[in-house]
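Geometric and topological summary
One letter stands for each residue in the lines below.
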Amino acid sequence: MTAVASGALTQAPVWVMAGCAGLAGCIAAARDPGARRARALMARGRMELPVGAAGWAKLCRIFDGHREWLCAPVAALLALLGESVLPLLAGAVAVPLVRRWMRRRARRREREQAADAVTALCGAVVGELRAGREPGQALLVAGRGVGALGADESAVLAAARFGGDVPGALRQAAAGPGVEGLAGMAACWRVAVDGGAGLAAGLDRLEGTLRAERRRREELRAQLAGAWSTVVVLALLPVVGLGLGAALGADPLGVLLHSPGGLVCLVTGGLLEAAGLFWASRIVSAGETA
């Protein structure tokens, strides 16, 4: 009986890691737009999920938008298995770091969505101009609900409606993140008003430039995907090593958390891991900036 309990305790870290991986996959699926559409269709069809799937969906909804707090239960489980408070301290440090990283990713997505909205706005205004509308009317029709003008949407639309300084309003709106293309739109508008040039032709060229910039950004991201995959694999190798050690009957958590040599290895390995991740992220970020 004692041998069975000892074997179960030895295998516990493996099951914990597998459960954490499954939970992370569930949350990633919950954030996927396709999964959201599937849930919406199932809700419309009044289809009920099985008990297990419903529990997973409920758990995913609880952590949806707050995935950084997954560090807390993982740290608590590791602290329970290792009988040490060090995983709890590491989890407390990891929560704000993960939150900061996720917010940075969210801001980058918002900038890209804003840039795409500016491109769509240019195309919509060009379509309205070629349909025979005046520039102000074209901007009024195309600017509603696009989201490219941000907080200054009312000021830009008011200038277009009442014959105000539309280029000035567009330049003011271009100060927001990701909507720098509005400055080019303002320049096209100023040239068309002052010099009599065709506004549709200028905005058409601006739209082509913004689309080319988006394609370059996507190509660069595709080229850097391999580098990011390598970084993730190398970062997870220590965790895989701990799982293999536990599967072979060793006690890696006990050695790392309750022996002087293990603590030295844990601190040194953690510092090297953090330095490696920082170095790799700097290299990839430099590639993205270039």
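Bear in mind that the values here come from a model prediction, so they are computed numbers and not experimental data.

The rules behind these values
- Residues numbered from 1 in each chain as written.
- Predicted model: local features only at pLDDT ≥ 70, side-chain atom pairs only at ≥ 80, totals over all residues.
- Heavy atoms only, no water.
- Helix = DSSP H or I, 4+ residues; strand = E, 2+ residues; numbered from the N terminus.
- Buried < 20%, exposed > 50% of the residue type's maximum accessible area, 1.4 Å probe, protein only.
- Contact = heavy atoms within 4.5 Å.
- Areas by Shrake-Rupley, 256 points an atom, 1.4 Å probe, with all protein chains shown as cover.
- Core = buried A, V, L, I, M, F, W, Y, C linked by side-chain atoms within 4.5 Å.
- Salt bridge = Lys/Arg side-chain N within 4 Å of Asp/Glu carboxyl O.
- Patch = residues over 30% accessible without salt bridge, like charges linked within 9 Å, V, L, I, M, F, W, Y side chains within 5 Å.
- Lys, Arg positive; Asp, Glu negative; His and termini not counted.
- Charge placed at Lys NZ, Arg CZ, Asp CG, Glu CD.
- Polar contact = N/O pair within 3.5 Å; in protein donor to acceptor, adjacent residues only side chain to side chain.

**Regarding the overall build of the chain**
- A count of helical and extended segments in the chain gives 12 helices and zero strands.
- Counting from the amino terminus, helix and strand elements in the chain follow one another as α-α-α-α-α-α-α-α-α-α-α-α.
- A burial count over the chain gives 28% of its 290 residues as buried.
- Counting only contacts in the chain whose residues sit at least 6 apart along the sequence, the fraction spanning at least 24 positions is 58%.
- For the chain, the exposed surface amounts to about 18,100 Å²; the carbon and sulfur share of it is 65%.

**Some words on the side chain of E207**
- Examined against the element boundaries, E207 turns out to sit in helix α10 (residues 199-247).
- When its relative accessible area of 12% is taken as the criterion, E207 is described as buried.
- E207 has contacts with T119, C122 and G123, leaving out every residue within four places of it along the chain.

**Things to note about the nonpolar core**
- Judged by nonpolar contacts, the single largest core of 33 residues is most densely connected at L121, V125, L139, L170, L182, M185 and L203.
- Secondary-structure elements contributing two or more residues to this core are α5 (86-130), α6 (135-143), α7 (153-162), α8 (166-173), α9 (181-195) and α10.
- Element by element, the count of residues in this core is highest for α5, at seven residues.

**Quick word on the pattern of salt bridges**
- This structure, assessed with the given rule, holds nine salt bridges.
- Across the salt bridge formed by R133 and E128, the nearest N and O atoms sit 2.7 Å from each other.
- Between R214 and E218 there is a salt bridge, with its nearest N and O atoms 3.2 Å apart. Taken together, the residues R214 and E218, both in helix α10 and four residues apart, mark about one turn of the helix.
- Residue R214 is classed as partly exposed on the basis of its relative accessible area of 34%.

**Topic: a positive patch on the surface**
- On the surface, a cluster of positive charge is contributed by R100, R103, R104, R107 and R111.
- Structurally, the position occupied by R100 is in helix α5.

**A closer look at α8**
- With six of eight residues buried, α8 is to be regarded as a mostly interior element.
- Taken as a whole, α8 has its buried residues at V166, P167, G168, A169, L170 and A173.
- Its side-chain oxygen 3.2 Å from the backbone nitrogen of G168, D165 forms the N-cap of α8.

Purely geometric numbers; function is a separate question.
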